Amino acid sequence: EVRFYDIDQVVNENSVYISGEVFIPGKYSIKSDLTTINNIIKLAGGLTKKALYDNCEIARYKIEGDERVREIFNINLKDALKQHFKIYPDDEIKI
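As a starting point, this report considers the structure included with it.

Here we look at the nonpolar core
Here is step 1 of the chain: Core analysis: the largest hydrophobic core is formed by 19 residues, its most contacted members being Ile 18, Ile 37, Cys 56, Ile 93 and Ile 95.
Here is step 2 of the chain: By residue number, the principal contributor to this core is helix H2 (residues 37–43), which donates three residues.
Here is step 3 of the chain: In contact with Ile 95, not counting residues within four places along its chain, are Ile 18, Ser 19, Gly 20, Glu 21, Val 22, Ile 41, Leu 47, Ala 51, Cys 56 and Leu 77.

Have a look at this one:
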C-alpha cells in the first residue's frame, strides 16, 4: 500500500522541544500562537526538584535573508512562569 501525504501536514508541524529538569523531556506539538512556557512545562510532566528557577535557556530561530539565525535567551524561569512567557514553534527550551 502506498500512501500520499500533504507536504504541509508532514513538514510544517508546529512543535517545541524541552529538555533538562522536566519529567518527560521531548518534542511537543503546539496548536496555537498562544502557547506559554507554563503550557509546555505542564505537557512535559512538570519540573523536577533539581530545576533551578533563576535560569532557563530558550533557543529561537528566525530567517534573516537566506540564513537561519539562532537567538539564545537566558531568562529567569520564576519570572517567565509568572509572566506566562510566550513560546513559538521550533523553540528549544532547556531547564
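Focus: the sheet that holds strand E3 (residues 56–64)
Here is step 1 of the chain: Strands sit in the order E2-E1-E5-E3-E4 across an open sheet of five strands; the sheet is mixed. Strand pairing shows two members of the sheet lacking a second neighbour, strand E2 (26–29) and strand E4 (67–75), which therefore form its edges. The sheet shows a mean angle of 20° between the axes of neighbouring strands, direction not considered.
Here is step 2 of the chain: Across three bridges, E3 lies against strand E5 (residues 92–94) in antiparallel orientation. Bridged to Ala 59 within E5 is Glu 92.

Some thoughts on the pairing of strand E1 (residues 15–19)
Here is step 1 of the chain: Within E1, four of the five residues are buried, which leaves it mostly tucked inside the rest of the structure.
Here is step 2 of the chain: Judged from the four bridges that link them, E1 and E2 form a sheet pairing that is antiparallel. Bridged to Val 16 within E2 is Tyr 28.
Here is step 3 of the chain: Between the end of E1 and the start of E2, which pair antiparallel, lie six residues, with Gly 20 showing a positive phi angle near 100°.
Here is step 4 of the chain: Relative to E5, E1 is paired through three bridges, and the arrangement is parallel. Pairing of Ile 18 across the sheet is with Ile 93, part of E5.

Thoughts on the side chain of Thr 48
Here is step 1 of the chain: Considering the arrangement of structural elements, one finds Thr 48 in the loop between H2 and E3.
Here is step 2 of the chain: Sequence-distant contacts of Thr 48, defined by excluding residues within four places in its chain, comprise Glu 21, Val 22 and Phe 23.

Some words on the side chain of Asp 91
Here is step 1 of the chain: Tracing the backbone shows Asp 91 in the loop between helix H3 (77–83) and E5.
Here is step 2 of the chain: Separated by 2.9 Å, the side chain of Asp 91 and the backbone nitrogen of Tyr 88 make a polar contact.
Here is step 3 of the chain: Not counting residues up to four positions away in its chain, the partners in contact with Asp 91 are Ser 15, Val 16, Tyr 17, Ile 58, Ala 59 and Arg 60.

Considering the pattern of salt bridges
Here is step 1 of the chain: Inspection of every chain in the model, using the stated rule, returns three salt bridges.
Here is step 2 of the chain: One salt bridge connects Lys 62 with Glu 64, and the closest N-O pair in it is separated by 3.2 Å.
Here is step 3 of the chain: Here Lys 62 falls in the partly exposed class, since its relative accessible area comes to 33%.
Here is step 4 of the chain: Via salt bridges that share partners, Lys 62, Glu 64 and Glu 71 belong to a single interconnected network.

Parameters at a glance
Residues numbered from 1 in each chain as written. Predicted model: local features only at pLDDT ≥ 70, side-chain atom pairs only at ≥ 80, totals over all residues. Heavy atoms only, no water. Core = buried A, V, L, I, M, F, W, Y, C linked by side-chain atoms within 4.5 Å. Buried < 20%, exposed > 50% of the residue type's maximum accessible area, 1.4 Å probe, protein only. Helix = DSSP H or I, 4+ residues; strand = E, 2+ residues; numbered from the N terminus. Contact = heavy atoms within 4.5 Å. Pairing = 2+ DSSP bridges. Axes fitted to C-alpha atoms, helices over the stretch in contact; angles between N-to-C directions. Polar contact = N/O pair within 3.5 Å; in protein donor to acceptor, adjacent residues only side chain to side chain. Salt bridge = Lys/Arg side-chain N within 4 Å of Asp/Glu carboxyl O.

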